[in-house]
Amino acid sequence: MLTPIELIKKKRAQAINRIIGKGYLSTKRVYVGMATCEIAAGSKDVWEVFDNAVKNGLTDVYLSQKGCAGRCNLEPTVEVIEEGKVPVKYGKITPEKAKEIIEKHIKNGEVIEKWVIK
Amino acid sequence: MSVKGKRNEKFIITLCDGTTCMNKKSKDIEIRLKEEIKSRGLEDKVQFNISGCLGMCEKGPILIVNPGFTMYGRVGLNDLQEIIESHLCKGNPVARLVIDEDHLYNRFFRVFGDVAFFGNQMRIALRNCGIIDPENIDDYLALRGYEALAKILTEISPNDVVEKIKKSGLRGRGGAGFPTGLKWELTRKAEGKEKYVICNADEGDPGAFMDRSAIEGDPHTVLEGMIIGGYAIGASKGLVYIRAEYPLAIKRLKKAIEDSRREGFLGQNILGSNFSFDIEIKLGAGAFVCGEETALIHSIEGSRGMPRPRPPFPSVSGLFASPTLINNVETWANIPVIILDTPEWFSSIGTERSKGTKVFALAGKVVNTGLVEVPMGTTLREIIYDIGGGIPDGKKFKAVQTGGPSGGCLPEKFLDTKIDYESLAKAGSIMGSGGMIVIDEDSCMVNIAKFFLEFTQNESCGKCTPCREGTKRMLEILERITVGKGQEGDIEKLERLGKMIKKASLCGLGQSAPNPVLSTIANFREEYEGHIRDKKCKAGECKELLTYSINDKCVGCTACKRVCPVNAITGSPKERHVIDETKCIKCGQCFDVCKFKAIDKK
């Protein structure tokens with residue numbers, strides 16, 4: 001029988017496989033803040049924009065929600081993470097800005113500097 | 001304008017500036033590095049950041065190059081040239097200096113470290129908040145989730161788990177700072193057929209949201225901590241006491257418990273071991289006093305949420321008179337890290353008597369409001385200015401309020417106070433659960449004290465007289481001071497009452513309720529005196545103490561006269577107007593409407 005340590009390692013490997021199966025290795029990973037504070041600032045609508053884009057054929061993107069990172073007055077926040085590049089953190093994102101992020105950053109690799117949290 | 005691709009060529013260098021790294025000459029490295037970058041004309045290509053302690057002191061000074069998160073350790077002045085030439089110019093990291101660290105903490109840093117607000121923090125309890133999907137157990141598992149649990153079940157006896165927690169130096173994060181390991185030991189040694197583990201998530205301080213964010217961002221770490229606690233003390237049942245007004249936190253906690261059960265981390269024979277443990281959620285109605293452990297226990301038992309005298313402490317006789325281990329959300333979130341990253345490592349962070357980090361909810365008059373987790377020993381100034389970005393609109397700092405309604409207000413002279421349980425108490429405040437409100441010159445300290453006392457007075461359960469009656473009397477005095485009816489001797493009365501309430505109250509609520517008043521009297525006595533003797537509020541917040549008058553900048557435009565709801569302003573067009581103080585209700589509309597700065601508000 002497996003020891004708990006052996007068992008957890010197996011479970012971890014399975015978990016990682018499941019995450020990869022969901023597209024974690026896509027070129028870009030997008031995280032939308034979805035804690036109470038983020039939702040109050042309007043992140044549900046932002047999430048909808050990304051979620052609809054993925055459902056309607058936006059490929060090579062791994063979309064996930066996340067908890068609160070702690071930057072209250074810049075919420076809702078969205079991160080676009082790409083291997084080998086500095087993770088881009090956007091603040092005060094609206095559905096309109098989300099659409100622009102999809103068009104410019106996700107599809108064309110163009111970081112929209114004016115919304116980046118410094 | 002952003003140029004396509006430009007950002008990708010930029011390197012971000014982060015240099016650790018924790019105390020240990022500083023002793024190891026990180027300052028010299030900073031100076032040399034900046035010189036080298038400048039002399040080679042790399043300023044556009046390299047951004048330079050300073051971070052707070054990264055917790056790898058043994059291998060310091062630490063230097064991180066992003067993108068790629070290349071971590072260099074034991075960096076010396078002689079290594080800089082090679083790092084610049086090979087890594088920054090040619091893109092080849094210097095292999096001999098790279099250190100490979102797989103700690104639980106500061107994973108957050110990989111995503112957020114280049115932003116000063118986050119880079120100066122050290123995330124242990126909140127290590128996963130903001131970087132994982134809290135509703136997906138796979139995300140937690142991928143970051144070594146439940147490995148600490150598996151480790152103790154495989155190779156560490158319950159007694160040794162307690163020893164590890166003791167060794168770590170962890171103290172209760174709910175506010176009082178009782179040594180966690182000692183609490184565990186007492187509960188473990190207490191006799192009882194059944195024992196209970198409770199997570200106190202009854203966060204009630206105005207403006208505090210640490211526990212909510214922790215649960216919403218990473219619920220599994222709290223559960224894992226609790227299961228480890230259950231194993232250590234020999235309990236089979238755990239409860240999370242959380243207020244019903246946190247619906248999202250409750251939803252995520254429920255999902256986490258279900259997922260955890262399905263994966264075999266909760267329930268019978270956890271991970272194939274002999275240990276069985278389960279957790280359920282108890283909803284609180286949101287009474288502040290239920291954050292007090294004995295009141296919380298009464299509330300779970302179905303009684304009215306009221307405290308009782310201690311001893312016996314819950315560790316001996318708690319829920320249903322059984323030995324009960326109660327810790328706060330943040331305390332539980334630290335447990336898996338202590339097990340996996342070792343107690344020795346944990347105790348290397350912080351000050352002599354306060355170890356690890358503390359989470360604060362930074363709010364009020366500060367540029368960057370938000371959640372902040374910093375090593376103990378960080379100064380208030382570092383939190384407010386380096387992380388918080390200082391006071392907005394060029395206003396002056398006046399005080400910082402820590403510990404919520406149980407804490408105190410500290411003026412500028414205490415800004416260099418190091419955050420730990422003892423230093424804050426010595427300065428006249430408390431650590432508390434982590435509320436931190438910055439106050440600028442526009443706020444009246446008497447009014448602030450009144451606000452907090454109003455809160456505790458409302459929340460007083462009424463069981464003991466000092467708290468029930470005493471806070472009411474104190475509030476009455478404060479109310480009359482703020483409306484200009486204060487009397488000589490009121491300050492002394494407040495002090496006497498405050499000291500009495502602190503000494504004679506039954507529970508922590510009453511024992512700490514006078515703190516905001518006593519600390520503002522101690523540090524801002526002249527403001528109280530101004531209200532009482534001169535009937536003046538320096539900050540201009542106490543409406544009844546203001547007088548409005550019209551100065552000679554008045555051009556007689558009649559705007560104020562037209563807006564005044566009680567016809568207190570007289571004067572002919574193009575002549576200076578006059579306010580009749582006896583009629584004025586101090587609504588301030590004339591002040592707002594005047595375009596010539598002709599109305600004085602004093």
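Remember, predicted model here, so these are calculated numbers, not experimental data.

A. Looking closely at the overall build of chain B. Summing up its helical and strand segments, chain B has 24 helices and 17 strands in all. For a compact globule of 602 residues, the expected C-alpha radius of gyration is about 25 Å, and chain B comes in at 28 Å, within 12% of that figure. Counting all 602 residues of chain B, 53% fall into the buried class. Of the contacts made within chain B by residues no fewer than 6 positions apart, 70% connect residues no fewer than 24 positions apart.

B. A look at the overall build of chain A. Scanning chain A for helices and strands turns up four helices and four strands. Taken along its principal axes, the extent of the C-alpha atoms in chain A is 55 × 30 × 25 Å. The proportion of buried residues among the 118 residues of chain A is 42%. Sequence-distant contacts in chain A: of pairs separated by 6 or more residues, those separated by 24 or more amount to 63%.

C. Seen up close, the environment of leucine 424 of chain B. Residues and elements named next belong to chain B. In this structure, leucine 424 sits in helix H17 (residues 421-427). Counting along the chain gives 14 residues from leucine 424 to leucine 410, while the straight-line C-alpha distance between them is 9.2 Å. When sequence neighbours within four positions are dropped, the list of residues in contact with leucine 424 reads Thr402, Thr417, Ile419, Ser429, Ile430 and Met431.

D. Inspection of the packing of helix H18 (residues 445-459) of chain B against helix H19 (residues 465-482) of chain B at higher detail. Residue and element names in this part refer to chain B. Interhelical geometry of H18 versus H19 gives an angle of 150° and a closest axis separation of 10 Å. It follows from the interaxial angle that H18 and H19 lie roughly antiparallel. Crossing hand, H18 versus H19: left-handed. Packed against H18, whose contacting residues are Val446, Asn447, Ala449, Lys450, Leu453, Glu454, Thr456 and Gln457, the element H19 presents Thr471, Lys472, Met474, Leu475, Leu478, Glu479, Ile481 and Thr482 at the interface. In terms of residue class, the contact of H18 with H19 is made up of seven nonpolar, five polar and four charged.

E. Molecular detail of the sheet that holds strand E7 (residues 278-284) of chain B. Residues and elements named next belong to chain B. Spatial strand order, E7-E6-E5-E8: four strands in an open sheet with parallel pairing. With one partner strand each, in any of the chains shown, E7 and strand E8 (324-328) form the two edges of the open sheet. In this sheet, neighbouring strand axes are inclined to one another by 20° on average, regardless of whether the strands run parallel or antiparallel. Examined bridge by bridge, strand E5 (residues 196-201) and strand E6 (residues 237-243) share six bridges and lie parallel to one another. Each residue of the ladder has a partner; that of asparagine 200, found in E6, is tyrosine 241. Against the sheet, helix H11 (residues 219-233) makes contact with E5, E6, E7 and E8, and its axis sits at roughly 150° relative to E5, the strand it touches most.

F. Region of the structure containing the nonpolar core. Grouped together as the largest cluster of nonpolar side chains are 191 residues, with contacts concentrated most on Val78 of chain A together with Ile227 and Ile228 of chain B. For this core, the element with the highest residue contribution is H11 of chain B, accounting for eight residues. Membership of the second largest hydrophobic core comes to 10 residues, among which are Cys560, Ile569, Ala598 and Ile599 of chain B.

G. Fine view of helix H14 (residues 329-340) of chain B. Residues and elements named next belong to chain B. Burial analysis of H14 places 11 of its 12 residues in the buried class, which makes it a mostly covered element. Every buried residue belonging to H14 is among Val329, Glu330, Thr331, Trp332, Ala333, Asn334, Ile335, Pro336, Val337, Ile338 and Ile339, and all of these are buried. Note on H14: the residue one or two positions beyond its end, threonine 342, has a positive phi of about 70°.

H. Looking closely at the sheet that holds strand E1 (residues 11-16) of chain B. All names here are of chain B. With mixed pairing, the four strands of this open sheet are ordered in space as E2-E1-E3-E4. With partners counted over all chains shown, the strands left at the sheet margins are strand E2 (46-51) and strand E4 (70-72), one partner each. This sheet shows a mean twist of 20° between the axes of neighbouring strands, independent of strand direction. Taken together, the six bridges between E1 and E2 define a ladder with parallel strand orientation. Across the sheet, the residue bridging to leucine 15 is isoleucine 50, located in E2.

I. Spotlight on the interface of chain A and chain B. Each partner contributes residues to the interface: chain A has 40 residues there, and chain B has 45 residues. Every element with two or more residues in the side of chain A that touches chain B is listed here: helix H1 (4-21), helix H2 (36-40), strand E2 (61-66) and strand E3 (78-82) of chain A. Counting residues per element, the side of chain A that touches chain B draws most heavily on H1 of chain A, which supplies 10 residues. Of the residues belonging to the side of chain A that touches chain B, the class tally is 20 nonpolar, nine polar and 11 charged.

J. Quick look at the environment of tyrosine 241 of chain B. All names here are of chain B. Checked against the element boundaries, tyrosine 241 lands in strand E6. C-beta crowding within 10 Å serves as the criterion here: with 21 such atoms nearby, tyrosine 241 is assigned to the buried category. Through-space distance from the C-alpha of tyrosine 241 to that of asparagine 200 is 5.4 Å; in sequence the pair is 41 residues apart. If near-sequence neighbours (up to four positions away) are discounted, tyrosine 241 is found in contact with Ile198, Cys199, Asn200, Ala201, Asp202, Lys282, Gly284, Leu296 and Ile300.

K. Inspection of the packing of helix H3 (residues 43-55) of chain A against helix H4 (residues 95-108) of chain A at higher detail. Residue and element names in this part refer to chain A. In the contact formed by H3 and H4, the axes pass within 8 Å of each other and the chain directions differ by 30°. H3 and H4 meet at a crossing whose hand is right-handed. Contact residues: H3 offers Asp45, Val46, Val49, Phe50 and Ala53, while H4 offers Pro95, Ala98, Lys99 and Ile102. Grouping the amino acids of the contact of H3 with H4 by side-chain chemistry returns seven nonpolar, no polar and two charged.

L. Examining the confidence of the model for chain A more closely. Overall, the predicted model of chain A reaches an average pLDDT of 94, with 100% of residues at or above 70. Element-level pLDDT for chain A is lowest in H2 of chain A, with a mean of 94, against a maximum mean of 97 in H3 of chain A.

M. Layout of the environment of phenylalanine 596 of chain B. Residue and element names in this part refer to chain B. On the secondary structure map, phenylalanine 596 appears in the loop between helix H24 (589-593) and strand E17 (599-601). We classify phenylalanine 596 as partly exposed; it has 14 C-beta atoms within 10 Å. Between the C-alpha atoms of phenylalanine 596 and isoleucine 391, which are 205 residues apart in sequence, the distance is 28 Å. Residues within four places of phenylalanine 596 in sequence aside, it is in contact with Lys553, Cys554 and Val555.

N. Structural view of the pairing of strand E3 (residues 63-66) of chain B. Residue and element names in this part refer to chain B. Judged by which residues are buried, E3 turns out to be covered on both faces: Leu63 and Val65 on one side and Ile64 and Asn66 on the other are all buried. By the bridge criterion, four bridges tie E1 to E3 in an arrangement that is antiparallel. Paired with isoleucine 13 across the bridge in E3 is valine 65. Relative to E4, E3 runs antiparallel, the two being bridged by three bridges. Across the sheet, residue isoleucine 64 finds its bridge partner in E4, namely methionine 71.

Quick notes on the rules
Residues numbered from 1 in each chain as written. Chains lettered and ligands numbered in written order. Predicted model: local features only at pLDDT ≥ 70, side-chain atom pairs only at ≥ 80, totals over all residues. Helix = DSSP H or I, 4+ residues; strand = E, 2+ residues; numbered from the N terminus. Rg over C-alpha atoms; globule rule 2.2 N^0.38 Å. Buried ≥ 20, exposed ≤ 12 C-beta atoms within 10 Å, placed from the backbone. Contact = placed C-beta atoms within 7 Å. Axes fitted to C-alpha atoms, helices over the stretch in contact; angles between N-to-C directions. Parallel < 35°, antiparallel > 145°, perpendicular 65-115°, else oblique. Left-handed = near helix turned anticlockwise from the far one by under 90°. Nonpolar A, V, L, I, M, F, W, Y, C, P; charged D, E, K, R; others polar. Pairing = 2+ DSSP bridges. Core = buried A, V, L, I, M, F, W, Y, C linked by C-beta atoms within 7 Å. pLDDT = per-residue confidence, 0-100.

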